[in-house]
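A structural walkthrough
Here is what each chain is made of, one letter per residue.
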Amino acid sequence: MQGMKNPMLFAHKAALLLLIVFFTHGCSRDKGEEAPAYDPGKDPVRIGVCVPEEGISKEYSKKFLDGIRVASGIMGVINDARIELGMKDSCDSTDLDTIIEHMVQDGLQGFIIRTGVKTQSIAAFDAEQGGITVVAAGRSNPDRKPRVFRLGSSLADQARAAALFAVRSLKTQRVAVILDQDSSSCILLASMFSSELINVGGRIENITYIEDTSEEIESSVISMMQHIPDAVYIPYSEDTTLAAISLAKKQGVSADMIVSNVMLEQRFLDEGGRDLDGVYLITDFHPGAVQSQRGAALIEEYEENPKDLGSLETCSALGSEAYFLLCDLLSQPLDDVTDDAVISGGKTITGITGMSGSGRITKSMHACQIRSGIIRGTRTVYKESINPL
């Protein structure tokens, strides 16, 4: 192992991890149901969870953890052994080898890590990997390295899904792009989208760079309108996207607008309100795409506990997906894990389609349209699922 950084501090804090144990989620047993039976003679399966708490990731991480907690109430037993789930607000190291070493030393059979947006290690939410790392160690000997799986869409997935949706579903050919010039992820996503759009038969009509000032955004939107695009693609920026959409609507832009990489969909809907009516979102999850029993159970939990849990959106669904995936992996010999084992039985919640040789979990993206009404408020309506591969 390499990359050991302050091992005593890490070990001390890792030991604190399991002081808080979540075996069942309170809201999952309120219908007279009994907790799943387990063999008290079996050692529990111990799973650790680590998430960041900086900036927008703090709200995302809370919802991510809620998804894990609800999932643990739905599945609290593996092979007759109960699951002990330990939550931790932050990781003491971003070095994967260090985390795995201490994870095994502390007797954890699995670990779920949600990396921060700014973190550039262990499956950062960048162009190539998703933002969630699932580590499956199992009850193995210490000489065998744990299996590592990556879950969550990459920027490349989002770019291709948006391009496919624009050309094949909306039948658009001429697309303009509006992006925040101060956001590296927006610039990278716009570049990837442009390449993918051309590959599937579309054309970039105009690229408009905007800054976080109302005057700059307004002049940029007016300039973009002169090109009369069929559609407008907007990589999400917390600083500029909502203002750009609002100004475009006020200026009478009739082109379809497509937004991707929104981390917190409900907050986006609440802040955007009626200005978002008709806008398309490309997301990792939508309840309308769910077909599995697990997904149905998860949706039911959120519908019955809106005050405690809020809405079921991507961050919560991915937390549940990561937990269920890890449970499935730990329920069988890790050497036998295959693509079929990962997605067998239609168990997926967010649309898992398979697994690459590097452990990257492949999945579908989901297109939905925002609708705003007086009675139901601003909501998303599922349109279709898109396999970006």
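This paragraph deals with the nonpolar core. Ranked by internal contacts, the top residues of the largest apolar core, which has 44 residues, are Ile 47, Phe 64, Ile 112, Ile 132, Val 134 and Tyr 323. Those elements that place two or more of their residues in this core are strand S2 (45-50), helix H2 (56-74), strand S4 (81-88), strand S6 (132-136), strand S7 (147-151), helix H9 (293-304), helix H11 (314-330) and strand S13 (352-355). In terms of residue count, the dominant contributor to this core is H11 (11 residues).

Our focus in this paragraph is the pairing of strand S8 (residues 174-180). Taken across its 7 residues, S8 has 6 buried, putting it largely inside the fold. In this view, the connection linking S8 to its parallel neighbour strand S9 (residues 203-210) by way of helix H5 (residues 184-199) has right-handed handedness. As defined by bridge partners, S8 adjoins strand S10 (residues 231-235) across 3 bridges and the pair is classed as parallel. Each residue of the ladder has a partner; that of Val 175, found in S10, is Ala 231.

This part takes up helix H7 (residues 241-250). Among the 10 residues of H7, 7 are classified as buried, and the element is accordingly described as predominantly covered. Residues of H7 that are buried: Thr 241, Leu 242, Ala 244, Ile 245, Ser 246, Leu 247 and Ala 248. At the C-terminal side of H7, Gly 252 shows a positive phi close to 85°.

An order of S9-S8-S10-S11-S12-S15-S16 is seen for the 7 strands of this open sheet, with the pairing classed as mixed. Of all the strands in the sheet, just S9 and strand S16 (377-386) have a single pairing partner and so form its edges. For this sheet, the mean angle separating the axes of adjacent strands, direction not counted, is 25°. Along the sheet, helix H4 (residues 155-169) contacts S10, strand S11 (256-260), strand S12 (280-283), strand S15 (365-373) and S16; its crossing angle with S16, the most-contacted strand, is approximately 90°.

Any empty space left between atoms is shown by rolling a water-sized probe over those atoms. Here the second largest pocket defines a volume of roughly 520 Å³. Of all the elements, S16 adds the most residues to the lining of the second largest pocket, at 4 residues. Partitioning the lining of the second largest pocket into residue classes produces 10 nonpolar, 8 polar and 5 charged.

We now examine the pattern of salt bridges. Under the criterion given, the structure shown has 15 salt bridges. In this structure, Asp 66 engages Lys 62 in a salt bridge whose closest nitrogen and oxygen atoms are separated by 3.2 Å. Of the two residues, Asp 66 and Lys 62 are both situated in helix H2; the distance of 4 residues between them amounts to about one turn of the helix. Glu 205 is the salt-bridge partner of Arg 203, the closest N and O atoms lying 3.0 Å from each other.

What follows concerns the confidence of the model for the protein chain. Looking at the protein chain, the pLDDT average stands at 80 and 75% of residues meet or exceed 70. By mean pLDDT, helix H1 (residues 7-17) is the weakest element of the protein chain at 41, and S12 is the strongest at 97. For residues 1-33, every residue scores under 50 in pLDDT, and the model assigns this stretch 73 contacts once sequence neighbours within four places are set aside.

What follows deals with unusual backbone geometry. Peptide bonds are, in most cases, trans, and in most cases residues other than glycine have a negative phi. Despite not being glycine, Lys 171 shows a phi value in the positive range, around 60°. The topology assignment puts Lys 171 in the loop between H4 and S8. Even without being glycine, Asn 261 reaches a positive phi, approximately 75°. With a relative accessible area of 13%, Asn 261 lands in the buried category.

The rules behind the values
Residues numbered from 1 in each chain as written. Predicted model: local features only at pLDDT ≥ 70, side-chain atom pairs only at ≥ 80, totals over all residues. Heavy atoms only, no water. Core = buried A, V, L, I, M, F, W, Y, C linked by side-chain atoms within 4.5 Å. Buried < 20%, exposed > 50% of the residue type's maximum accessible area, 1.4 Å probe, protein only. Helix = DSSP H or I, 4+ residues; strand = E, 2+ residues; numbered from the N terminus. Right-handed = clockwise from strand over helix to strand, strands pointing away. Pairing = 2+ DSSP bridges. Axes fitted to C-alpha atoms, helices over the stretch in contact; angles between N-to-C directions. Contact = heavy atoms within 4.5 Å. 1 Å grid on protein atoms, 1.4 Å probe; cavity = no way out; pocket = protein on both sides within 12 Å on 5 of 7 lines; lining within 4 Å. Points joined across faces, edges and corners; volume = space filled by probe spheres on them. Nonpolar A, V, L, I, M, F, W, Y, C, P; charged D, E, K, R; others polar. Salt bridge = Lys/Arg side-chain N within 4 Å of Asp/Glu carboxyl O. pLDDT = per-residue confidence, 0-100.

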